[in-house]
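Chains, contacts and geometry: an overview
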Amino acid sequence: MFWRRWTWFVIGVLSASVLAGAVAAMVLRSGGAAPGERAEGSFVRAVDLSPLDRSAVWNEGRLKSFDAFATEMLSYISGRSRVFGQPTDFTYLDMVFRGERYAAAPVIYIKNKEMRGQLAAALESASAMTREEGEAFFKSGMISERQLSHPESEGLIRRWSMDMVRTAKHADAIMSARGLRRPEVLLDQLQMIPPPSGRSDHPWLSLGEMWQPGGMMRPADAEIPGLDAGLRAELRGSMESLSRSWRALDAAGVNSAVERLASVLSSVAPSVYPEPARMALQSYYFRAQNMTWVWLVYFVSLIFLVMSVAYRWEAARGLGMGFFAVAFVLHTVALGWRWYVAGRWPNSNMFEAVTTSVWLGTIAVLVLEYAARRTPMRNLFALGGAAASMCALMAAHYVPQLNASINNMMPVLHDLWLYIHTNVIIASYALIAMASVTAVLYLVHRMLGGTASYARVGGAASLIESATPGLSRRVGLSEVFDGATMVLMELSFVLLWAGIVMGAIWADHSWGRPWGWDPKEVFALNTFLVFLVLVHVRLKVRDKGLWTALLAIAGCGVMLFNWIVINFVISGLHSYA
């Protein structure tokens, strides 16, 4: 039995490794130069921007690789859509050197569907958009600058900008996208020339200070203090060569100019220029889509773990735990990779909080699985961890609001108590989500005719009792599900309370008061109060297992409201978290 169990576990690990490798290869291939129908396919395929992708761009107080920066900037214009199916680094430079190509192309993304409908109807009535184009626009949200320049569009945007409650924010995004799309603006954003003084506290310079779209160079006498005349000439020559070759669709010339430009940029001030390896790792990280595709491996592990619980199938347990182990390793690689690239622990925005929280929760799950390996609760903790991690990484992969861009932390967040408070809170949130999974299993089991039994000695005590020889006894499935839910609830209850207290200490240290009735503070407390009610209700009600499951799910709902609505709808001091 021992060797059979480990054989299935090894098979699971190997299968998950093969799946992860295939998915990673697919993702990296999708990040390559796959041209769209309207793009000059051979030119897109032949252009090699990798030397420039590994070059640094100064943006919002930190250095980013060029392709990561291009992806972030184009997201403000086109959302997550790829214009003509082109790589984002190619599209960025194409908009700089051939901006006229995009004037009539649907490259500007409008998020609000109600606004899309109004705009499509107005343009169709003015014969500025066909019915087919209107339907395509309503579905994709993509519209051209030429259509937005129509008087009907301009009038609508002005009216939207005056509605401060419903549409002003979206109107501002449209106007920002239109301004950012201009070639000279995109070029000025490329602060790729390190400070000639070699001092890290001096500003980086824009390529727009050397050259402007349309071949117009800055006057030769407009010298940049401290920049060697020879390097200045090299930079101007590289940009002119790159522009000329790009407009002529000369891929070989473009590749040569890109390599020359990247070399000159790194030689301006070598003492402050980042290591090429660091920029390359940042570039690969974003090409790998932040490794959020690991949700697929968690999903496969979830399938096998559900089968192992439902059928008590040993082979399914081995496969499930194997896939779960590989998913956790890949998740750890993704987290460590982002930590290295960002230069800080990843927990300063919603994307990082969501992905880090389930990683912390999964560590707790692995410890619980080891403790429960010889008890009826085994598989349940991993099952909850797989479900929560899968949902979190799916959200990070598909939800546009979870912006994966790496930015600097706010100064107020540089505090030891913050790191402790934030990590403890988000770990408790992950465990709350995992507890809701076992609570759902309990309710499903009851609906299918399961008994109304429950873990009579609580969660942790049930686990200890089951794992201790001489104390273990035969228990029903309802009691097992309830016990697993209680283990996770007890752990999350303690962590949540500790996180709230640590947050109060940090707030007193940073803001001069321990509690300010900020919306996020209030709903974190509300989540804790739900579980406080759960503890007391469990002491009094007759059907303890049922009420525990219902309140565990309600607590998860309050937690999700706190994390989603409070962050994205209600503004407050914690809006960055």
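Reading the values: the criteria
Residues numbered from 1 in each chain as written. Predicted model: local features only at pLDDT ≥ 70, side-chain atom pairs only at ≥ 80, totals over all residues. Heavy atoms only, no water. Helix = DSSP H or I, 4+ residues; strand = E, 2+ residues; numbered from the N terminus. Expected span 1.5 Å × (residues − 1). Salt bridge = Lys/Arg side-chain N within 4 Å of Asp/Glu carboxyl O. Buried < 20%, exposed > 50% of the residue type's maximum accessible area, 1.4 Å probe, protein only. Contact = heavy atoms within 4.5 Å. Polar contact = N/O pair within 3.5 Å; in protein donor to acceptor, adjacent residues only side chain to side chain. Core = buried A, V, L, I, M, F, W, Y, C linked by side-chain atoms within 4.5 Å. pLDDT = per-residue confidence, 0-100. Axes fitted to C-alpha atoms, helices over the stretch in contact; angles between N-to-C directions. Parallel < 35°, antiparallel > 145°, perpendicular 65-115°, else oblique. Nonpolar A, V, L, I, M, F, W, Y, C, P; charged D, E, K, R; others polar. Disulfide = S-S within 2.5 Å. Phe/Tyr/Trp six-rings, centres within 6.5 Å; stacked < 30°, edge-to-face > 60°. Patch = residues over 30% accessible without salt bridge, like charges linked within 9 Å, V, L, I, M, F, W, Y side chains within 5 Å. Areas by Shrake-Rupley, 256 points an atom, 1.4 Å probe, with all protein chains shown as cover.

What follows deals with helix H19 (residues 416–447). The first and last C-alpha atoms of H19 sit 47 Å apart over 32 residues, in line with the 46 Å expected at 1.5 Å per residue. Glycine 449 occupies a position one or two residues after H19 and carries a positive phi of about 105°.

This paragraph deals with the pattern of salt bridges. Side chains bearing opposite charge may pair, as long as their charged atoms lie close to each other. Tallied over the full model, the rule gives 21 salt bridges. The partner of arginine 98 in a salt bridge is aspartate 94, with the nearest N and O atoms 2.7 Å apart. Aspartate 94 shares its class with arginine 98; the two are buried. Among the salt bridges present, the one from glutamate 184 reaches arginine 182, with a minimum N-O distance of 2.7 Å. For glutamate 184, a relative accessible area of 26% puts it in the partly exposed group. Members of the salt-bridge network, linked through shared partners, are Asp53, Asp67 and Arg287.

With that settled, consider the environment of tryptophan 547. Residue placement: tryptophan 547 occurs in helix H23 (residues 544–568). By relative accessible area, which is 41% here, tryptophan 547 ends up partly exposed. Spatially, the C-alpha atoms of tryptophan 547 and leucine 534 are 7.6 Å apart, while their sequence positions differ by 13 residues. With near-sequence residues (within four places) excluded, tryptophan 547 lies in contact with Val537 and Val541.

A few words on the environment of glutamate 521. Within the secondary structure layout, glutamate 521 lies in helix H22 (residues 519–540). The exposure class assigned to glutamate 521 is buried, which follows from its relative accessible area of 9%. Each C-alpha atom of the pair glutamate 521 and alanine 504 lies 9.3 Å from the other, and the pair is 17 residues apart in sequence. Polar side-chain contacts of glutamate 521 include one of 3.1 Å to the backbone nitrogen of tryptophan 517.

Another point: the side chain of histidine 170. With respect to the helices and strands, histidine 170 occurs in helix H10 (residues 168–180). Not counting residues within four places of it along the chain, the set of residues in contact with histidine 170 comprises Lys111, Asn112 and Met115.

In this structure, Met291, Val294, Tyr298, Phe381, Tyr429, Leu496 and Trp563 are the most contacted members of the largest nonpolar core, which totals 90 residues. A total of 14 residues in this core trace back to one element, the largest contributor, which is H19. Here valine 294 is in contact with Ala327, Leu330, His331 and Leu393, once residues within four sequence places are set aside. Counting 71 residues, the second largest nonpolar core, distinct from the first, contains Leu49, Phe90, Ala177 and Ala269.

This part takes up the confidence of the model for the protein. Of the residues in the protein, 87% reach a pLDDT of 70 or more, and the chain-wide mean stands at 85. Across residues 25–39 the pLDDT falls below 50, and counting only partners more than four positions away or on other chains, this stretch makes 33 contacts in the model.

For the rest of this paragraph, the subject is the packing of helix H5 (residues 88–97) against helix H12 (residues 229–247). It is the contact of H5 with H12, at a shortest axis distance of 10 Å, that shows an interaxial angle of 95°. Taken together, the axes of H5 and H12 lie roughly perpendicular to each other. Contacts between H5 and H12 involve Phe90, Leu93, Asp94 and Phe97 on the former and, on the latter, Met239, Leu242, Ser243, Trp246 and Arg247. Each residue belonging to the contact of H5 with H12 can be placed in one class, and the counts come to six nonpolar, one polar and two charged.

The subject of this paragraph is the state of the cysteines. Counted by the stated rule, this structure contains zero disulfides. In this structure cysteine 391 is not part of a disulfide, and its nearest cysteine sulfur, from cysteine 556, lies 9.5 Å away. Using a relative accessible area of 47% as the deciding quantity, one classes cysteine 391 as partly exposed.

Here we take up helix H6 (residues 113–125). Because an α-helix completes one turn every 3.6 residues, residues spaced three or four positions apart along the sequence face the same direction. The end-to-end C-alpha distance of H6 is 18 Å, a good match for the 18 Å that 13 residues give at a rise of 1.5 Å each. Looking at the buried residues of H6, the elements they touch are strand E3 (106–109), helix H7 (131–140), strand E4 (142–144), helix H8 (145–148), helix H9 (151–162) and H10. Regarding H6, its N-cap is asparagine 112, as a side-chain oxygen of that residue lies 2.9 Å from the backbone nitrogen of glutamate 114 further along. Count one or two residues on from H6 and you reach serine 127, which has phi positive near 60°.

Taken as a whole and judged by the stated rule, the model has 22 aromatic pairs. With 5.9 Å between their ring centres and 65° between their planes, tyrosine 298 and phenylalanine 324 make a pair best called edge-to-face. Of this pair, tyrosine 298 sits in helix H15 (residues 295–311) while phenylalanine 324 sits in helix H16 (residues 314–342), placing them 26 residues apart in sequence. Taking relative accessible area as the criterion, phenylalanine 324 reaches 0% and is therefore assigned buried. Considering the side-chain rings of phenylalanine 523 and phenylalanine 561, the 4.9 Å spacing of their centres and the 45° angle between planes classify their relative orientation as tilted. Taken together, the residues span a long stretch of sequence, with phenylalanine 523 in helix H22 and phenylalanine 561 in helix H23 at a distance of 38 residues. Overall, phenylalanine 523 belongs to the partly exposed group, its relative accessible area being 23%.

Moving on: a nonpolar patch on the surface. Nonpolar side chains collect at one region of the surface, where Leu416, Trp417, Ile420, Trp497, Val501 and Ile505 lie side by side and expose about 540 Å² of accessible area between them. Elements with a contribution of two residues or more to the nonpolar patch: H19 and helix H21 (477–511). Secondary-structure assignment places isoleucine 505 in helix H21.

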